[in-house]
Protein chains: 2
Amino acid sequence: MAFSKNEAFTDTDQQLALWAKALSHPARIAILRELAQRNACICGELVANLPLSQATVSQHLKVLKEAGLIDGEIDGPRICYCIDWPALKEMENALILLFNQIKPCC
Amino acid sequence: MAFSKNEAFTDTDQQLALWAKALSHPARIAILRELAQRNACICGELVANLPLSQATVSQHLKVLKEAGLIDGEIDGPRICYCIDWPALKEMENALILLFNQIKPCC
DNA sequence: ATTGTATATCGTAAATATACGATTAAACAA
DNA sequence: TTGTTTAATCGTATATTTACGATATACAAT
C-alpha cells in the first residue's frame, strides 16, 4: 500500500482486523491448537510438529505474541509458550459480537 | 515467502486462515457491517461511505467475493452487493468450533 | 571459562497486500 | 449511434508477509 489508512476506521474494527490477521495463517492456527491441547508447550515441540523451519516458527510465535494471544516464559534454556486465555476470550467475544451485528436484518 | 507451504496444513485450518484473511482489514469488516445493515448495497454507496478510492473499494469487494462471503449482482449499470448468508454462517460455525477446540484443557 | 542447547534475530529473497490514478467495459438513456 | 454512469481492471509504487540459512544470545552444565 502507498500507506495504510487504517486509522480512518473504528478502533473496534481495527482490533478485529488485527486479531483476524493473527489467525490468517494455518501455521498460527495449528500453533494455537497445539498450545491448547498441551496447555503449554516449549518452542522446540512446536518446531518438531510443524513443517516449517525453527526460524519461521519463531516468527509465527512472534506474530501471535504481538497480537496478545500467547505468552512466552523463559524456562531454563527454553521458552515455554502458553495461550493468553483472557485475551483469547476477548477475541472470541469480539468476533461473536461482530457476527451478531452482521445478521440478516429486514 | 519464498513460496507458501499452506498445503502442508489441514484443509480445515487452511479454510479458517482464508476466512480470517478476508476479515483481516478494517475496510472489509466495515463493508460487511454496512452490507448487513442495508441488507444489500450498491457499490457506489460503499465507496461514498468509506475513506478509500473507488478502485480500492472494488479491490476489497473482490477479496470478500473470492472468500465467498459476498455476492454481486448486476442491477442496471450498477452492481448490487449482498452478504452470502449461508457462507457467513459457515464461517461463523467454523470459528466457533475452533474456539471450542482451543479451550483450557487440563 | 568453555561447551552445548534452545530460541531469537538478522539478512535476504520472493510473494502478497494495499492504495490510487487511469483506462476499459458494460448497461442504459437520449 | 453517442454519451453518461457505474464498476472492474490495469499499471504501478510501496509495504508487509512468508520463508529460511546464518548468526547471535541466553542459559545450563561441566
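Calculation criteria
- Residues numbered from 1 in each chain as written.
- Chains lettered and ligands numbered in written order.
- Predicted model: local features only at pLDDT ≥ 70, side-chain atom pairs only at ≥ 80, totals over all residues.
- Heavy atoms only, no water.
- Least-squares fit on C-alpha atoms with pLDDT ≥ 70 in both.
- Contact = heavy atoms within 4.5 Å.
- Buried area = accessible area lost by both parts, 1.4 Å probe.
- Salt bridge = Lys/Arg side-chain N within 4 Å of Asp/Glu carboxyl O.
- Polar contact = N/O pair within 3.5 Å; in protein donor to acceptor, adjacent residues only side chain to side chain.
- Helix = DSSP H or I, 4+ residues; strand = E, 2+ residues; numbered from the N terminus.

This brings us to the relation of the copies chain A and chain B. It takes a turn of 180° to lay chain A on chain B, together with a shift of 0.0 Å along the axis; the resulting RMSD is 0.0 Å. The transformation relating the two chain copies, once decomposed into turn and shift, fits a two-fold axis. Among all residues of chain A, the minimum C-alpha distance to the rotation axis is found for A:A20, at 2.4 Å. Comparing contact sets, 100% of the residues at the interface of chain A also lie at the interface in chain B, consistent with an isologous, same-surface contact.

Turning to the interface of chain A and chain B, a few remarks are in order. By convention, interface size is frequently given as the accessible area that disappears when the constituent parts associate. Between chain A and chain B, the residue contacts involve 41 residues of the former and 41 residues of the latter. For the pair chain A and chain B, the two sides together bury roughly 3,600 Å², of which 71% comes from carbon and sulfur. Taken together, the connections running from chain A to chain B amount to 4 salt bridges. B:K103 is the salt-bridge partner of A:E92, the closest N and O atoms lying 3.4 Å from each other. Applying the counting rule to chain A against chain B returns 8 residue pairs in polar contact (both at pLDDT 80 or more). When contributions to the side of chain A that touches chain B are tallied by element, the ones reaching two or more residues are α1 (11-22), α2 (26-38) and α5 (85-101) of chain A. Considering each element in turn, the side of chain A that touches chain B owes the most residues, 9 residues, to α5(A).

Without other data, these values stay purely geometric and don't point to any function.
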